[in-house]
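One letter stands for each residue in the lines below.
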Amino acid sequence: MWSLKGKKSYMKQLDKIYKQSGIAWFTPVELFKIYEIGGGSGTCAKSIIDYIMLNAPPRVYNSMTYTSVEISPALTEIQKQTVGEVRNHQSKFKVECRDATDRSGWGHVEQQPCWVIMLEVLDNLLHDLIYSENQVSPWMEAWFEKQLDGEGL
């Protein structure tokens, strides 16, 4: 497993891959699988797959995989519809309806690098809250902490 710490580390690893393969140019899809956590309506997935189909060499598009992990059954179906608007994309895309934080859902750990996209996840996580009960009360800060029993916040 690689531990890439910044651009310099990434570039060294990329150089190593190029030297081992004898290929002069890679796209990210040739080096990594793409996973999206919380893919919403599937617009990002469709746009990325569209871009690769239209701009990368055909072998890249033909060999790529894009996996979305979505907790919402309703959004899972919407993603299938959105990405499925382009019939060729259906064989490149799959959506797994499950909780991405449940480690058992990931199965066997592959040693192959991948891209992980979480556009809507980080900004929707619980975070600090600063508030004032009224205009004369002092500002207060609320914190969210995970309970030790792991059952909630």
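Preceding this section is the structure that the text describes.
Residues numbered from 1 in each chain as written. Predicted model: local features only at pLDDT ≥ 70, side-chain atom pairs only at ≥ 80, totals over all residues. Heavy atoms only, no water.

Would you mind going over the pairing of strand E3 (residues 93-97) with me for this structure?
Remark: a regular strand shows side chains that alternate across the two faces of the sheet. Across five bridges, strand E2 (residues 66-70) lies against E3 in parallel orientation. Looking at the pairing, Thr67 lines up with Lys94 of E3. Running through helix H5 (residues 73-83), the crossover from E2 to the neighbouring parallel element E3 is right-handed. (Pairing = 2+ DSSP bridges. Helix = DSSP H or I, 4+ residues; strand = E, 2+ residues; numbered from the N terminus. Right-handed = clockwise from strand over helix to strand, strands pointing away.)

What is the right way to read the packing of aromatic side chains from this model?
Centre-to-centre distance and the angle between the planes together describe a pair of aromatic rings. Tallying each qualifying case throughout the model produces two aromatic pairs. A ring pair is formed by Tyr35 and Trp106, whose centres lie 5.7 Å apart and whose planes are at 75 degrees; its orientation type is edge-to-face. Pair noted here: Tyr35 is in strand E1 (residues 33-37) and Trp106 is in the loop between E3 and strand E4 (114-117), with a separation of 71 residues, a long-range link. For Tyr35, a relative accessible area of 17% gives the class buried. Ring plane angle 35 degrees and centroid distance 6.0 Å describe the contact between Tyr66 and Phe93, whose orientation is recorded as tilted. Of this pair, Tyr66 sits in strand E2 while Phe93 sits in strand E3; the two residues are 27 residues apart in sequence, bridging distant segments of the chain. No difference in accessibility class separates Tyr66 from Phe93, as the two residues are buried. The ring of Tyr61 carries the charged tip of Lys92 above its face, separated from the ring centre by 4.9 Å. It is Arg98 that lies over the ring of Trp106; its NZ or CZ is 4.2 Å from the centre. (Phe/Tyr/Trp six-rings, centres within 6.5 Å; stacked < 30°, edge-to-face > 60°. Buried < 20%, exposed > 50% of the residue type's maximum accessible area, 1.4 Å probe, protein only. Lys NZ or Arg CZ within 6 Å of the ring centre and 35° of its normal.)

Teacher, can you tell me more about the sheet that holds E4 here?
Picture the strands of a sheet paired through backbone hydrogen bonds; they go either parallel or antiparallel. Spatially, four strands are ordered E3-E2-E1-E4 in an open sheet, and the strand pairing comes out parallel. Each edge of the open sheet carries a strand with a single partner, namely E3 and E4. Sheet twist, expressed as the mean angle between neighbouring strand axes with direction ignored, is 20 degrees. Where E1 lies against E4, four bridges are found, and the strand directions are parallel. From the neighbouring strand, Lys33 faces E4, where its bridge partner is Cys114. H5 rests against E2 and E3 of the sheet, and its axis sits at about 175 degrees to E3. (Axes fitted to C-alpha atoms, helices over the stretch in contact; angles between N-to-C directions. Contact = heavy atoms within 4.5 Å.)

Can you walk me through helix H3 (residues 43-55) in this structure?
The α-helix advances 3.6 residues per turn, and as a result positions three or four apart in sequence lie on the same side. Under the 1.5 Å per step criterion, the end-to-end length of H3 is 18 Å for 13 residues, consistent within 8% with the ideal 18 Å. Of all the positions in H3, only Ala45, Lys46, Ile49, Asp50 and Ile52 are classed as buried. Looking straight down H3, one finds its buried side chains confined to an arc of 165 degrees; they lie on one side. Facing away from the buried side of H3, by more than 90 degrees, are the exposed residues Tyr51, Leu54 and Asn55. (Expected span 1.5 Å × (residues − 1). Arc of directions from axis to C-beta.)

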